[in-house]
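For reference, the chains in residue letters:
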Amino acid sequence: MPRSPAIAVALFAKAPRAGMVKTRLARDLSPQAAAEFHRLSTLATWERLANSPAHQAFLYCDVRWDEFEAVANGGRFRLQRGSDLGQRMRLCLEELLGDGYGKALIVGSDAPTLPSAQLVEASAALDSADVALGPSDDGGFTLIGATCVAAAMFRGVTWSRPDTRRACIAAVQAAGLKAVETRTTGYDVDTVSGLKRLADDVGLPASLESWLLPYREQLS
């Protein structure tokens, strides 16, 4: 039976609660500032994903959050399920593929200038691969997509490490799935150095540019 050509893209986010998100960034700014960055980054990324005709966007949050539910209206707000990141991603991919989408991708909320080329390349790669990852330059990945999943596809992976992507690919392959990477590399904003890079990024969303203004001198 032919696979559906429809593509679903899930934005993974947490509720922007001070002290609960972007903890590494909070060490140099403040828990409140880090939470506001996460909020604005999530909203900017959602607007970008939701306005694309190339896919159907969904916002997956760790808990119910009124603002996120309001922007992801029309049934596109969903709750993450699972005890760790690997299980939450697997269950999300499984759910979207079970809804009839031929390809399901997950994008993180901490890469507000995610290269569009990564989404295009990952989607194209899934024509012949089971799993596609968009590399980030810290050793992780800014997106992951799949056309099928396996229970063990993230088994043994330790997250937020320089070798996370390599470990993830190994786990996916050990689960019997074919994994590929996009040529385009992105970056996450988890620290002040990432914030400095974001401040100089031509793709910086206007809302984050305004938020960054009081920190420009600190970041220079």
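Look up a bit, the structure's there.
Summarised in this report is the structure supplied together with it. (Residues numbered from 1 in each chain as written. Predicted model: local features only at pLDDT ≥ 70, side-chain atom pairs only at ≥ 80, totals over all residues. Heavy atoms only, no water.)

**Observations concerning the nonpolar core**
Then comes step 1: If you look at the biggest cluster of nonpolar residues, it comprises 28 residues, and the most contacted ones within it are Leu96, Ile106, Val131, Leu133, Ile144, Met153 and Cys168.
Then comes step 2: Ranked by the residues each element gives to this core, the list is headed by helix α4 (residues 85-98), at five residues.
Then comes step 3: Trp46, Cys61, Leu105 and Leu143 belong to the second largest nonpolar core, which has 24 residues in total. (Core = buried A, V, L, I, M, F, W, Y, C linked by side-chain atoms within 4.5 Å. Buried < 20%, exposed > 50% of the residue type's maximum accessible area, 1.4 Å probe, protein only. Helix = DSSP H or I, 4+ residues; strand = E, 2+ residues; numbered from the N terminus.)

**Quick notes on the pairing of strand β4 (residues 103-108)**
Then comes step 1: Of all the six residues making up β4, five are buried; the element is thus mostly covered by neighbouring parts of the structure.
Then comes step 2: Here six bridges tie strand β1 (residues 7-13) to β4, and the two strands are oriented parallel to one another. Within β4, the position partnered with Ala8 by the bridge is Ala104. (Pairing = 2+ DSSP bridges.)

**Comments concerning helix α7 (residues 192-199)**
Note on helix geometry: an α-helix contains 3.6 residues per turn, so any two residues three or four positions apart are oriented the same way.
Then comes step 1: Within the span of α7, buried status applies to Val192, Gly194, Leu195, Leu198 and Ala199. When α7 is viewed along its axis, its buried side chains cluster within an angular range of 155° and face the same direction.
Then comes step 2: Buried positions along α7 lie against α1 (23-28), α2 (31-50), α8 (206-212) and α9 (216-219). (Arc of directions from axis to C-beta. Contact = heavy atoms within 4.5 Å.)

**Describing the pairing of strand β2 (residues 56-61)**
Then comes step 1: By the criterion of burial, β2 is predominantly enclosed, with five of the six residues buried.
Then comes step 2: In the sheet, β1 pairs with β2 via six bridges, with the strands oriented parallel. Looking across to β2, one finds that Leu11 is bridged to Leu59.
Then comes step 3: In terms of strand pairing, β2 meets strand β3 (residues 77-79) through three bridges, oriented parallel. Along β3, the bridge assignment pairs Leu59 with Phe77.
Then comes step 4: In this view, the connection linking β2 to its parallel neighbour β3 by way of helix α3 (residues 66-71) has right-handed handedness. (Right-handed = clockwise from strand over helix to strand, strands pointing away.)

**Focus on the side chain of Ser41**
Then comes step 1: Within the element layout of this structure, Ser41 appears in helix α2.
Then comes step 2: Engagement of the side chain of Ser41 in a polar contact is seen with the backbone oxygen of Ser109, the distance being 2.5 Å.
Then comes step 3: With residues near it in sequence (within four places) discarded, Ser41 still touches Ser109, Asp110, Pro112 and Leu208. (Polar contact = N/O pair within 3.5 Å; in protein donor to acceptor, adjacent residues only side chain to side chain.)

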